[in-house]
Amino acid sequence: MPLSKLQANARVGDQAYEALHNAIVTGEYAAGRRLQIRDLAAELGISVMPVREAIKRLEEVGLVETQPYKGAVVKEVTREELLQIYAVRRLLEVEAARAGASSVRKSDVARLKTMYKKLVKAIERDDVVEYLDLDEEMLTVVYSASGNAVLVETIRSLWDRCRFYKIVGARGEMSDGIVAHLLEYQQALIEAVESGDTDGAAKITDDSLDAATQRITVAMAK
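Residues numbered from 1 in each chain as written. Predicted model: local features only at pLDDT ≥ 70, side-chain atom pairs only at ≥ 80, totals over all residues. Heavy atoms only, no water.

1. A closer look at the environment of A72
Next up, step 1: One can find A72 in strand β2 (residues 71–74).
Next up, step 2: Residues A72 and L58 lie 14 residues apart in sequence; the distance between their C-alpha atoms is 9.9 Å. (Helix = DSSP H or I, 4+ residues; strand = E, 2+ residues; numbered from the N terminus.)

2. Concerning the packing of helix α6 (residues 128–144) against helix α7 (residues 149–161)
Next up, step 1: Direction vectors running N to C along α6 and α7 enclose 160°, while the axes themselves pass 10 Å from each other. One finds that α6 runs roughly antiparallel with respect to α7. Note on packing geometry: the crossing formed by α6 with α7 is right-handed. On α7, the residues that touch E136, L139, T140, Y143 and S144 of α6 are V152, I155, R156 and W159.
Next up, step 2: Residues belonging to the contact of α6 with α7 are distributed by class as follows: 5 nonpolar, 2 polar and 2 charged. (Axes fitted to C-alpha atoms, helices over the stretch in contact; angles between N-to-C directions. Parallel < 35°, antiparallel > 145°, perpendicular 65-115°, else oblique. Left-handed = near helix turned anticlockwise from the far one by under 90°. Contact = heavy atoms within 4.5 Å. Nonpolar A, V, L, I, M, F, W, Y, C, P; charged D, E, K, R; others polar.)

3. Observations regarding the packing of aromatic side chains
Next up, step 1: A full pass over the atoms with the stated rule returns 1 aromatic pair.
Next up, step 2: An angle of 40° between the planes, with centres 6.3 Å apart, marks the rings of Y143 and W159 as tilted. Within this pair, whereas Y143 is found in helix α6, its partner W159 is found in helix α7, the two being separated by 16 residues in sequence. Each member of the pair, Y143 as well as W159, carries the same accessibility label: buried.
Next up, step 3: Its guanidinium or amino end placed over the ring of Y29, R33 lies 3.8 Å from that ring's centre, counting from NZ or CZ. (Phe/Tyr/Trp six-rings, centres within 6.5 Å; stacked < 30°, edge-to-face > 60°. Buried < 20%, exposed > 50% of the residue type's maximum accessible area, 1.4 Å probe, protein only. Lys NZ or Arg CZ within 6 Å of the ring centre and 35° of its normal.)

4. Observations regarding helix α3 (residues 48–60)
Next up, step 1: Counted at 1.5 Å a residue, the expected span for α3 with its 13 residues is 18 Å, and the 19 Å between its end C-alpha atoms agrees.
Next up, step 2: Turning to α3, its buried residues are P50, V51, A54, I55 and L58. Considered in projection along α3, the buried side chains sweep an arc of 135° and stay on one side of the axis. The exposed residues of α3 that point more than 90 degrees off its buried face are K56 and E60.
Next up, step 3: Backbone geometry just after α3 places G62 at a positive phi near 85°. (Expected span 1.5 Å × (residues − 1). Arc of directions from axis to C-beta.)

5. Some details on the nonpolar core
Next up, step 1: In terms of nonpolar packing, the biggest core is built from 34 residues, with L112, Y143 and V193 touching the most fellow members.
Next up, step 2: Going through the elements one at a time, α4 (79–101), α5 (106–124), α6, α7, α8 (163–175), α9 (179–194) and α10 (198–219) are the ones with two or more residues in this core.
Next up, step 3: With 9 residues, the top contributor of residues to this core is α6.
Next up, step 4: Excluding residues that lie within four positions of it along the chain, Y143 makes contacts with E93, A96, A97, V152, I155, W159 and T205.
Next up, step 5: Residues Y29, I46, A72 and V74 belong to the second largest nonpolar core, which totals 22 residues. (Core = buried A, V, L, I, M, F, W, Y, C linked by side-chain atoms within 4.5 Å.)

6. Side note on α6
Residues spaced three or four apart along an α-helix face the same direction, because each turn holds 3.6 residues.
Next up, step 1: Under the 1.5 Å per step criterion, the end-to-end length of α6 is 24 Å for 17 residues, consistent within 8% with the ideal 24 Å.
Next up, step 2: Most of α6 sits out of view: 12 of its 17 residues are buried.
Next up, step 3: All of the buried residues in α6 are V128, Y131, L132, L134, D135, E136, M138, L139, T140, V141, V142 and Y143.

7. Observations concerning the environment of I123
Next up, step 1: Looking at where I123 falls in the secondary structure, it is placed in helix α5.
Next up, step 2: For I123, a relative accessible area of 4% puts it in the buried group.
Next up, step 3: On a C-alpha basis, the gap between I123 and A170 in space is 9.7 Å, while along the polypeptide they are 47 residues apart.

8. Looking at the pattern of salt bridges
Side chains bearing opposite charge may pair, as long as their charged atoms lie close to each other.
Next up, step 1: The final tally for this structure, using the stated rule, is 17 salt bridges.
Next up, step 2: Here R98 and E95 are joined by a salt bridge, their closest N and O atoms 3.3 Å apart. Here R98 and its partner E95 are both found in helix α4, 3 residues apart, which amounts to about one turn of the helix.
Next up, step 3: You can call R98 partly exposed: its relative accessible area is 29%.
Next up, step 4: One salt bridge connects R105 with D108, and the closest N-O pair in it is separated by 3.3 Å.
Next up, step 5: On the basis of relative accessibility, which here comes to 54%, the residue R105 falls in the exposed class.
Next up, step 6: Taken together, the shared-partner salt bridges connect D133, E136, R163 and K166 into one network. (Salt bridge = Lys/Arg side-chain N within 4 Å of Asp/Glu carboxyl O.)

Spelled out as structure tokens, the structure:
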């Protein structure tokens, strides 16, 4: 699917970055895809300079890498690196869930329940990207209640780096019909934060990431 033309303005570089970033984290641009600057510039209707700058920014956040004879490509994460990312996620997100659960407001709980209903509908439609968007949005609500913006920003950057593999994993579970498995952690997390159970929220998050790590270990060992 080609990229949409951008509106020319002073923030065209930011727009180029957002367009490419979105294409990568939604799985539209799969790992290993070449990012040819002139072709991308033509698709976006802009000059090559903003595209070159956008690709450099994407390299800095770990979504793109430069390979010999290929140039810029969407980065493929090795099994070892992916497991390291999940190990760091586990350290950060367990504590983010614990800290956030103690400060989640009633209005936040209401938002979580609304998003959970949308999550169920996304699964019914086999919409993996919307499912992951909603899952991350729900976690962001909980983690943001901790009041630590740097912690949340760091976690979100890690989500981006493993997003392609999250899409593949969720798509596989949807195709296998494991709907209950895709919903159990979110439902349990809502119950924990609504009751102010900080240890419970931390354990649910730990269990969720432990299960994800085990799936990666098995899947990428093949």
